[in-house]
Amino acid sequence: MANIGFIGLGIMGAPMAGHLINDGHTLFTNTVGPTPSALVEAGARVCLNGAEVAAQADIIFIMVPDTPQVDEVLFGKDGVASALSAGKIVVDMSSISPVATKDFARRINALGCEYLDAPVSGGEVGAKAASLTIMVGGSEAAFAKVKPLFDKMGKNITLVGGNGDGQITKVANQIIVALTIEAVGEALLLAAKAGADPARVREALMGGFANSRILEVHGERMVKRTFAPGFRIDLHRKDLNLALTTGRQLGVALPNTATAQELFNTCAAHEGGSWDHSAMVRALEIMSNFEIGQKQA
């Protein structure tokens, strides 16, 4: 059993940390606000700051919202980097800038430690079920040491390449998801406005080449108007901002990603930042003055 650190115990981090402590590891934690009582009752050792976590743990996991928070956790006052000793491993499972990740990795490596970027896909449901997809960037040696712990949190775990490659894979994932949501929304809205039953159109499409998990899950949400969040629009906006920023830094054109971001921005402007990202269709409906499921006059 290992001494494990976990910083960031939100809706994703808390269940992920729970799987590790349930596997018998000693868990040192730090988070904004109170540590979840279930983790404390299971034996988690609450630390005052990242430095205390890093001093106690051999492998330190981070799961926070965005790039500035990772920077602060690592290099801020009483941050992780201030208490690292050679041979430890830092694993950032947040979804952040691939460019910043490479810089963070260089700075941690300079302290004689390994760094893995390991963002996830699967949302709160996947975190609770330990079925996350985990996309990893870093050395093969560090990956091999951490893989048994990844196995407790996810099912599809891939070492993509070096530092930053895990994060760019997550960015690519979020581009594909957003653009597919947009395509499903356009298709079902067009069908509904033409007078077809969108539920039956979706059912028919699921038997053909257009089938996808997004048509299956998010298409159903569009038809049934169930936009309670599984993954909030504001979080997907953050991920597409990473994509567009990275694209500008690398000189890569991402025109359809920019369009998807503007549709999310429209939803946010209509107080929809906390809607599920399948509600991107609401932006299309606003522009078309017609809702899926609406009957023709």
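Residues numbered from 1 in each chain as written. Predicted model: local features only at pLDDT ≥ 70, side-chain atom pairs only at ≥ 80, totals over all residues. Heavy atoms only, no water.

## Points about the nonpolar core
Formed by 32 residues in total, the largest nonpolar core has its most connected members in Phe6, Met16, Phe61, Val91, Met93, Ile134 and Phe150. Of all elements in the fold, only β1 (3–7), α1 (13–22), β4 (59–62), β5 (89–92), β8 (132–137) and α7 (140–150) reach the threshold of two or more residues within this core. In contact with Phe61, other than residues within four places in its own chain, are Ile4, Gly5, Phe6, Ile7, Leu20, Val91, Met93, Val146, Leu149, Phe150 and Met153. If you look at the next biggest cluster of nonpolar residues, it comprises 28 residues, including Phe264, Cys267, Ala279 and Met280. (Core = buried A, V, L, I, M, F, W, Y, C linked by side-chain atoms within 4.5 Å. Buried < 20%, exposed > 50% of the residue type's maximum accessible area, 1.4 Å probe, protein only. Helix = DSSP H or I, 4+ residues; strand = E, 2+ residues; numbered from the N terminus. Contact = heavy atoms within 4.5 Å.)

## Looking at the packing of aromatic side chains
Inspection of the entire model under this criterion finds four aromatic pairs. Relative to Phe61, the ring of Phe6 lies with its centre 5.8 Å away and its plane at 20°, an arrangement referred to as stacked. Here Phe61 lies in strand β4 and Phe6 lies in strand β1, a separation of 55 residues in the sequence. For the residue pair Phe6 and Phe61, the accessibility class agrees, reading buried in each case. Ring geometry for Phe143 and Phe150: centres 6.2 Å apart, planes at 35°, overall tilted. Accessibility expressed as a relative area gives 0% for Phe150, which makes it buried. Ring pairs connect the aromatic residues Phe6, Phe61, Phe143 and Phe150, which therefore count as one cluster. (Phe/Tyr/Trp six-rings, centres within 6.5 Å; stacked < 30°, edge-to-face > 60°.)

## Overview of unusual backbone geometry
For Ala130, which is not glycine, the phi torsion reads 55° and is therefore positive. As for its placement among the helices and strands, Ala130 is situated in the loop between α6 (123–129) and β8. For Ala130, a relative accessible area of 12% gives the class buried. The phi torsion at Asn289 lies on the positive side, around 55°, for a residue other than glycine. In this structure, Asn289 sits in the segment after α13 (280–288). On the accessibility criterion, Asn289 (68% relative accessible area) is exposed.

## Examining empty space enclosed by the protein
Enumeration according to the criterion identifies one cavity of 30 Å³ or more in this entry. By volume, the largest cavity amounts to about 30 Å³. In terms of lining residues, the largest cavity is bounded by Ser95, Ile96, Gln167, Lys170, Val171, Gln174, Asp239 and Leu242. Contributing elements (two or more residues each) for the lining of the largest cavity: α8 (165–193) and α11 (233–250). Tallying contributions element by element places α8 first for the lining of the largest cavity, with four residues. Residue composition of the lining of the largest cavity, grouped by class: three nonpolar, three polar and two charged. (1 Å grid on protein atoms, 1.4 Å probe; cavity = no way out; pocket = protein on both sides within 12 Å on 5 of 7 lines; lining within 4 Å. Points joined across faces, edges and corners; volume = space filled by probe spheres on them. Nonpolar A, V, L, I, M, F, W, Y, C, P; charged D, E, K, R; others polar.)

## Section: the environment of Thr29
Checked against the element boundaries, Thr29 lands in strand β2 (residues 26–30). For the pair formed by Thr29 and His19, sequence separation is 10 residues and the distance between their alpha carbons is 14 Å. Beyond its immediate chain neighbours, meaning those up to four positions away, Thr29 contacts Phe6, Leu9, Thr35, Ala44, Arg45, Val46, Cys47 and Val53.

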